[in-house]
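Summary of structural features
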Amino acid sequence: MDCDEFRCRGKEMIEYICSYLDNIEERRVTPNIEPGYLRKLIPENAPEDPENWDSIMADVESKIMPGVTHWQHPRFHAYFPSGNSFPSILGDMLSDAIGCIGFSWAASPACTELETVVLDWLGKAIGLPDQFLALKEGSRGGGVIQTSASECVLVSMLAARAQALKRLKQQHPFVEEGLLLSKLMAYCSKEAHSCVEKAAMICFVKLRILEPDETSSLRGKTLLLAMEEDETMGLIPFFVSTTLGTTSCCSFDNLPEIGVISHKFPCVWLHVDAAYAGNAFICPELKYLLKGIEHADSFNTNPNKWLLTNFDCSTMWVRDRIRLTSALVVDPLYLQHGYSDATIDYRHWGVPLSRRFRSLKLWFVIRSFGISGLQKYIRLHIRLAKRFEAHVLKDRRFEICNEVKLGLVCFRLRGQDKLNEKLLSNINASGKIHMVPANVNEKYVIRFCVVSHNATEQDIDHAWHVISQFADDLLEMQNADKEQELQDEVYELLERKKKETLAQKRSFFVRMVSDPKIYNPSIAKALPSTRRHLTQPSAESPENHITIQPPTSASWISWPLAFLFQGITEEGSASNVPIRFRHLDTKVRLKASGKGEAISPRQSPSPERDSKSPKRSPNSSRKSSLVS
């Protein structure tokens, strides 16, 4: 592709991007595909020969876009905003075109100096103390752009570890550094981002995760008790990570309390992670949320979340840049230059050596929107979040699970966690809107975040309409399920009762063989006092056989006993025992299969219709038999 074709294709790409963003609401917010879908659509091997650009762009639409989750979609309400704006896109285009690797001032002076200036701009707008600004007279601090908040936390922890080990090595010069490392303990809240735990894993240090209060805020007393307890165990507190605007529910750790506690321990580095909320501090009315920042050693926020700047652009400031860089300095000859003492080399401020010209896009955004325009954008999102909160509060089926200070609302249906899991699953599966869950105070909650750059009240109302509709369907289904569950419970109860009754009857019938009075005392009174049922061992069989002594008057036995008596009668006696089925006007007689043989259990008794009273009930038959 030469310059002329690039000019043509570049214009086409701009048109494609504009069309994509203008019509993004027509696309499904999340892809409806299965894992591995793309492998089936793309050849197994790379092409040997160049391909036509039109063919490549056609594949973007037919193969790539079906697998894209559209973070800029007005129906996307998951996670946090993914910053995006045309000035930022143009800044990235220019950065890519320049293609410099700004690891040092000498590698690209403008890349380094613009980053320093723009970070001071943003730090002042946020309200950071002067000690965090590189160009403030007498300051030892400054700002740097990292790839993400995770890298900011990691770099801060590396600096804190180096500082702590240096101090301990001075106190214990003959102790192995590995042993000293094993004593270091870091702290964070349970609500802190998982990147703190990952940073501790990378740094080979212990991390103690502390319980926040009922508002999901880490308190100073909780931290103090943990640190004092660890000190008594021979451990050394060295790093505390606090969060302003947690991922799960946008809660705020009590920074003033924690800052005072941190100063009581000489080795402790206090880091403040405000990846999302920190952007909002450019609004004067929200600066109160930054209270206690004067205690911090480092602070980070992500303009690529809430300041309309494309990823990656995570800004970090430190109070003392020497304490940061001393942990990361590696200075081979080929990277040195003659102005090292007079300039900043950002290769000492992070993990990677290579660095993009990221300050360009942040510079473009701040200049294009101005601080007032960025404030307006943040206030819009907060107002829309409050509108959604009002919708939730009007519906008594739902509850709010966080204090809505910024653009995040945590809510749930009143009821079990499984109910809310099902609600969110149904909503996301529909592709109409997209949200993600969180765990707040041991409850499953649904996070609704205002994300879209051009979000409107209609978008919020539409989202609530979708949520309400799915809640209606789910609760209706649940009520039906409850009725079905109740029917199932009743059925199971009846079945269990039936089985228990049958077991009781079987036990009763066995006892009845020995004592007929248990079964029908009125019959027993009319019978002679001689026992009618005798049990004696058979000489011909190892099994016991029940012999039946014929009664002096006619009687009947309920049908279950007929089966008990089958095949176990004495010779010639079975034919004299009439058996009546309780609910049928029918008698049967147990007949011997032959002389001297008992009836086989496999033979069934032959019913005989009672000629005397074919239509009489068992009760009337019983009376007539007693009379006769």
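Residues numbered from 1 in each chain as written. Predicted model: local features only at pLDDT ≥ 70, side-chain atom pairs only at ≥ 80, totals over all residues. Heavy atoms only, no water.

1. Quick look at the overall build of the protein
The secondary structure content of the protein amounts to 17 helices and 16 strands. Taking all 628 residues of the protein together, the buried fraction comes to 47%. A sequence separation of at least 24 residues applies to 68% of the contacts in the protein between residues at least 6 apart. If you sum the accessible surface of the protein, you get close to 33200 Å²; carbon and sulfur atoms cover 55% of it. (Helix = DSSP H or I, 4+ residues; strand = E, 2+ residues; numbered from the N terminus. Buried < 20%, exposed > 50% of the residue type's maximum accessible area, 1.4 Å probe, protein only. Contact = heavy atoms within 4.5 Å. Areas by Shrake-Rupley, 256 points an atom, 1.4 Å probe, with all protein chains shown as cover.)

2. Here's the deal with a nonpolar patch on the surface
On the surface, a cluster of nonpolar side chains totalling about 250 Å² of accessible area is made up of Ile14, Leu90 and Met93. Relative to the helices and strands, Ile14 is located in helix 1 (residues 3-22). (Patch = residues over 30% accessible without salt bridge, like charges linked within 9 Å, V, L, I, M, F, W, Y side chains within 5 Å. Salt bridge = Lys/Arg side-chain N within 4 Å of Asp/Glu carboxyl O.)

3. A few points about the pairing of strand 9 (residues 408-413)
Among the 6 residues in strand 9, 6 count as buried, and that is most of the element. Residue alternation in strand 9 divides its side chains into two sets, Leu408, Cys410 and Arg412 and Val409, Phe411 and Leu413, and both sets are buried. Pairing geometry for strand 8 (residues 398-400) and strand 9, over 3 bridges, is antiparallel. Within strand 9, the residue paired with Glu399 across the bridge is Arg412. As defined by bridge partners, strand 9 adjoins strand 11 (residues 443-449) across 4 bridges and the pair is classed as antiparallel. Counted as the bridge partner of Leu408 is Cys449 from strand 11. (Pairing = 2+ DSSP bridges.)

4. Thoughts on the UniProt feature "modified residue: N6-(pyridoxal phosphate)lysine" (unreviewed entry) in the protein
The sites that carry the UniProt feature "modified residue: N6-(pyridoxal phosphate)lysine" (unreviewed entry) are, in the present numbering, Lys305. Inspection of the secondary structure puts Lys305 in helix 10 (residues 303-306). (UniProt positions renumbered as here; feature names shortened; annotations may be inferred.)

5. Here's the deal with unusual backbone geometry
Here Phe311 and Asp312 are connected by a cis peptide whose omega angle stands at 5°. Note that Asp312 resides in the loop between helix 10 and strand 7 (314-318). We note that Phe204 has phi near 60°; this positive angle belongs to a residue other than glycine. Within the element layout of this structure, Phe204 appears in the loop between helix 7 (195-203) and strand 3 (206-210). Residue class for Phe204 comes out exposed when judged on its relative accessible area of 65%. A positive phi angle is found at Cys250, which is not glycine, with a value near 60°.

6. Observations concerning the packing of helix 5 (residues 149-171) against helix 7
Packed helices, taken two at a time, are described by the angle between their axes plus the distance between the axes. At a minimum axis distance of 9 Å, the contact between helix 5 and helix 7 shows a crossing angle of 40°. With respect to helix 7, the axis of helix 5 lies oblique. When you trace helix 5 past helix 7, the crossing you get is right-handed. Of the residues in helix 7, those in contact with Ser150, Val153, Leu154, Met157, Leu158 and Arg161 of helix 5 are Cys195, Val196, Ala199, Ala200, Ile202 and Cys203. Broken down by class, the residue content of the contact of helix 5 with helix 7 amounts to 10 nonpolar, 1 polar and 1 charged. (Axes fitted to C-alpha atoms, helices over the stretch in contact; angles between N-to-C directions. Parallel < 35°, antiparallel > 145°, perpendicular 65-115°, else oblique. Left-handed = near helix turned anticlockwise from the far one by under 90°. Nonpolar A, V, L, I, M, F, W, Y, C, P; charged D, E, K, R; others polar.)

7. Notes on the sheet that holds strand 6 (residues 298-301)
Ordered in space as 1-7-6-5-4-2-3, the 7 strands form an open sheet in which the pairing is mixed. The strands lining the two open edges of the sheet, one partner per strand, are strand 1 (142-146) and strand 3. When the angles between neighbouring strand axes are averaged without regard to direction, this sheet yields 20°. Judged from the 5 bridges that link them, strand 1 and strand 7 form a sheet pairing that is antiparallel. Across the sheet, residue Gly142 finds its bridge partner in strand 7, namely Val318.

8. Topic: helix 3 (residues 86-98)
Because each turn of an α-helix spans 3.6 residues, side chains separated by three or four positions in sequence point in the same direction. Its 13 residues place the ends of helix 3 18 Å apart at the C-alpha level, agreeing with the 18 Å of an ideal helix rising 1.5 Å per residue. All of the buried residues in helix 3 are Pro87, Ser88, Ile89, Gly91, Asp92 and Ser95. In this fold, the buried residues of helix 3 make contact with helix 12 (359-394). Residue Gly99 follows helix 3 closely and has a positive phi angle near 65°. (Expected span 1.5 Å × (residues − 1).)

9. Let's talk about the sheet that holds strand 8
Taken in spatial order, the 4 strands make up an open sheet running 8-9-11-10, and their pairing is antiparallel. Only two strands of the sheet have a single partner each, and these edge strands are strand 8 and strand 10 (436-440). Direction aside, the axes of adjacent strands within the sheet are offset by 40° on average. Here strand 10 runs beside strand 11; their pairing, made up of 5 bridges, is antiparallel. Among the inter-strand pairings, Pro437 is bridged to a residue of strand 11, identified as Ile446. Set on the sheet, helix 13 (residues 417-430) makes contact with strand 8, strand 9, strand 10 and strand 11; between it and strand 11 the angle comes to about 30°.

10. A word on the side chain of His77
Take His77: it is sitting in the loop between helix 2 (53-64) and helix 3. Under the relative-accessibility criterion, His77 is labelled buried at 3%. Here Cys449 takes part through its backbone oxygen, which lies 3.1 Å from a polar atom of the side chain of His77. For His77, the contacting residues outside a window of four places in its chain are Ile433, His434, Met435, Arg447, Phe448, Cys449, Val450, Val451 and Ala463. (Polar contact = N/O pair within 3.5 Å; in protein donor to acceptor, adjacent residues only side chain to side chain.)

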